[in-house]
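Listed here are the chains, written in short residue letters.
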Amino acid sequence: MSGSKPSLESRPAGVDQCVISEDIELSNLLEAIYRRYSYDFRAYSRDSVARRVQYRLSMSQIASISELQYRILHDESLADLLLKDLSVNVTEMFRDPDFFLALRTKVLHFMKEDHIRIWDAGCSSGEEAYSVAIILNELGIHPRQQILATDFNSSILDKAKQGIFPLGRMSSYIKNYLAAGGEDEFSEYYNSAYDGAIIKRKLKDYVHFAYHNLATDAGFHDMDLVICRNVVIYFDRDLHERVFGLFYESLRDGGYLCLGSEEGLIGSKYDDYFDVVDKKYRIYQKKAGKSSTVSGSANKLTSKRCSAP
Ligand SMILES: C[S@@+](CC[C@H](N)C(=O)[O-])C[C@H]1O[C@@H](n2cnc3c(N)ncnc32)[C@H](O)[C@@H]1O
């Protein structure tokens, strides 16, 4: 087998061996998480994962990624902390109010039917889904579990279902709500108790929270609108394509897709399958009649299509 493996002397000059070793350790860590806990971060953007792992190393005073790997395999509470670090849950109500104004005036305003199917993917603690529910309520669209809000972090979903948010955040949420075209009193949507704002039942009735993993699960069908903001930014190119494929196949013809301000279809093959409704706020509309070309190509689905409730 001589010649099949470079000798130590012939290693490429200038390549930082330390960086290579760390990359190998990182791959092994992600593989270990996947095999032990079934969470798949292997196709997440490397830089972002590396930053979050470094954060956990310093917070837990662990010397190396390999040691972290050993520890999380045997210590579920440490694994839980790392999983939380890796799933960034930052969110707020009417985040990027101008986007919500565009969503209200360019999309939801024209959906006056009773059976609107909306999928909010990567919903975190629920603020985004409740913001959409407020708009539906103000447009006179009645609840019938129209928003399916999903995330792969079960503890954040429990928080979302409770719908209790810090009272201290309400003043900035009111500003966002008004800038997003809110028409009522924001305080109509929650009850105050101690230092918490509890979302009212009339909004909760609009939303159904459920577990769904964009990296491994199949999509839904006949959705009128898919919202997935500030989620794919953490994914690598291949996972982007998988997830855009899921959204494409989950939408009905003419259905809308909303991505985050740093995310978009440019550079993806799915760019051709959507019209741009609002370039700045990344709102797209699915073109008709392309499904058969897309199905089963880059979109390697491993599980059955899920049915929305
Ligand atoms: C930064 S938050 C975005 C929340 C909300 N969409 C917003 O823009 O305010 C990203 C969310 O994506 C979720 N997430 C990350 N990877 C995911 C995956 N593979 N499947 C489902 N959700 C995922 C995280 O748990 C987190 O709650």
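Residues numbered from 1 in each chain as written. Predicted model: local features only at pLDDT ≥ 70, side-chain atom pairs only at ≥ 80, totals over all residues.

On to the overall build of the protein, then. When helices and strands are counted, the protein shows 11 helices and 10 strands. The buried share among the 309 residues of the protein stands at 35%. Contacts in the protein between residues at least 24 apart in sequence constitute 78% of all its contacts with a sequence separation of at least 6. (Helix = DSSP H or I, 4+ residues; strand = E, 2+ residues; numbered from the N terminus. Buried ≥ 20, exposed ≤ 12 C-beta atoms within 10 Å, placed from the backbone. Contact = placed C-beta atoms within 7 Å.)

On the basis of which strands lie adjacent, the open sheet formed by seven strands has the order β6-β2-β1-β7-β8-β10-β9 and mixed pairing. Each edge of the sheet is formed by a strand with only one pairing partner; in this case those strands are β6 (207-211) and β9 (274-278). Between one strand and the next, the sheet's axes are offset by a mean angle of 20 degrees, whatever the strand orientation. When strand β1 (residues 118-121) meets strand β2 (residues 147-151), the two strands line up parallel, connected through four bridges. Of the residues in β2, the one forming a bridge with Trp 119 is Leu 148. (Pairing = 2+ DSSP bridges. Axes fitted to C-alpha atoms, helices over the stretch in contact; angles between N-to-C directions.)

All right, on to the packing of helix α2 (residues 46-59) against helix α4 (residues 76-86) then. One way to put it is that α2 packs onto α4 with a least axis distance of 9 Å and a crossing angle of 140 degrees. Put simply, α2 runs oblique to α4. Handedness of the crossing formed by α2 with α4: right-handed. Judged by residue contacts, Val 49, Arg 52, Tyr 55 and Arg 56 of α2 engage Leu 81, Leu 82, Asp 85 and Leu 86 from α4. Among the residues forming the contact of α2 with α4, the class breakdown is five nonpolar, no polar and three charged. (Parallel < 35°, antiparallel > 145°, perpendicular 65-115°, else oblique. Left-handed = near helix turned anticlockwise from the far one by under 90°. Nonpolar A, V, L, I, M, F, W, Y, C, P; charged D, E, K, R; others polar.)

Moving on, we get to the confidence of the model for the protein. Detail in the predicted coordinates should be disregarded across regions flagged by low pLDDT. Of all residues in the protein, 88% have pLDDT values of 70 or greater, and the mean over the chain is 88. Looking across the protein, the model is least confident in helix α11 (residues 291-294), with a mean pLDDT of 46, and most confident in β1, with 98. Across residues 292-309, where pLDDT falls below 50, the model places 33 contacts with residues more than four positions away in sequence or in other chains. (pLDDT = per-residue confidence, 0-100.)

Turning next to unusual backbone geometry. Across the chain, the bulk of peptide bonds are trans and the bulk of non-glycine residues have phi less than zero. For Gln 61, which is not glycine, the phi torsion reads 50 degrees and is therefore positive. Looking at the element boundaries, Gln 61 is found in the loop between α2 and α3 (65-74). Gln 61 sits in the exposed class, given 6 other C-beta atoms within 10 Å. Phi is positive for Asp 96, which is not a glycine, with a value near 55 degrees. Structurally, the position occupied by Asp 96 is in the loop between α4 and α5 (97-106).

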